[in-house]
Amino acid sequence: AVSRTRILATGGASHNKNILQVLSDVFNAPVYTIDTANSACLGSAYRAIHGLVAETNVSLADVVKLAPEPRLAVTPTTGAEELYRPLLKRYAELEQKVIYNPTSSC
């Protein structure tokens, strides 16, 4: 099965291809950027619009149809998934431990 997960990177770090590559490798997903000023604010605005029209059952995908088209920046490095998959699992386990028992040490 093909994963439909995509990462949309915005802000200053989105101009650093090395950071984008790490994101892509860790999450095994392509990373996209958009060439728009204040893109993080734009995303918040689309979420706000979505909230305003939530009663009409309009999907977020429908709300952002007029958004600038993202540009593919990087794709996962072959073999990186095997390295990061167990680390992501361990991270999730530690995160749950902290959330449900914040006074315990990891």
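Residues numbered from 1 in each chain as written. Predicted model: local features only at pLDDT ≥ 70, side-chain atom pairs only at ≥ 80, totals over all residues. Heavy atoms only, no water.

A.B. asks: In this structure, what is going on with the UniProt feature "domain: Carbohydrate kinase FGGY C-terminal" (unreviewed entry) in the protein chain? I would like to understand it.
C.D. replies: As annotated by UniProt and renumbered to match this structure, "domain: Carbohydrate kinase FGGY C-terminal" (unreviewed entry) occupies residues 5–50. As annotated, residues 5–50 comprises 50% helix and 13% strand, and the C-alpha atoms at either end are separated by 20 Å. (UniProt positions renumbered as here; feature names shortened; annotations may be inferred. Helix = DSSP H or I, 4+ residues; strand = E, 2+ residues; numbered from the N terminus.)

A.B. asks: Mind showing me how you'd approach the sheet that holds strand β2 (residues 31–33) here?
C.D. replies: Paired through backbone hydrogen bonds, the strands of a sheet run either parallel or antiparallel to each other. Read across the sheet, three strands follow the order β1-β2-β3 without closing on themselves; strand pairing throughout is mixed. Looking at the sheet topology across the chains shown, the edges are occupied by β1 (7–9) and β3 (71–74). Averaged over all pairs of adjacent strands, the angle between strand axes in this sheet comes to 45 degrees, irrespective of strand direction. Where β2 meets β3, three bridges bridge the pair, whose relative direction is antiparallel. Each residue of the ladder has a partner; that of V31, found in β3, is V74. Against the sheet, helix α1 (residues 17–27) engages β1, β2 and β3, with an angle of about 85 degrees to β3. (Pairing = 2+ DSSP bridges. Axes fitted to C-alpha atoms, helices over the stretch in contact; angles between N-to-C directions. Contact = heavy atoms within 4.5 Å.)

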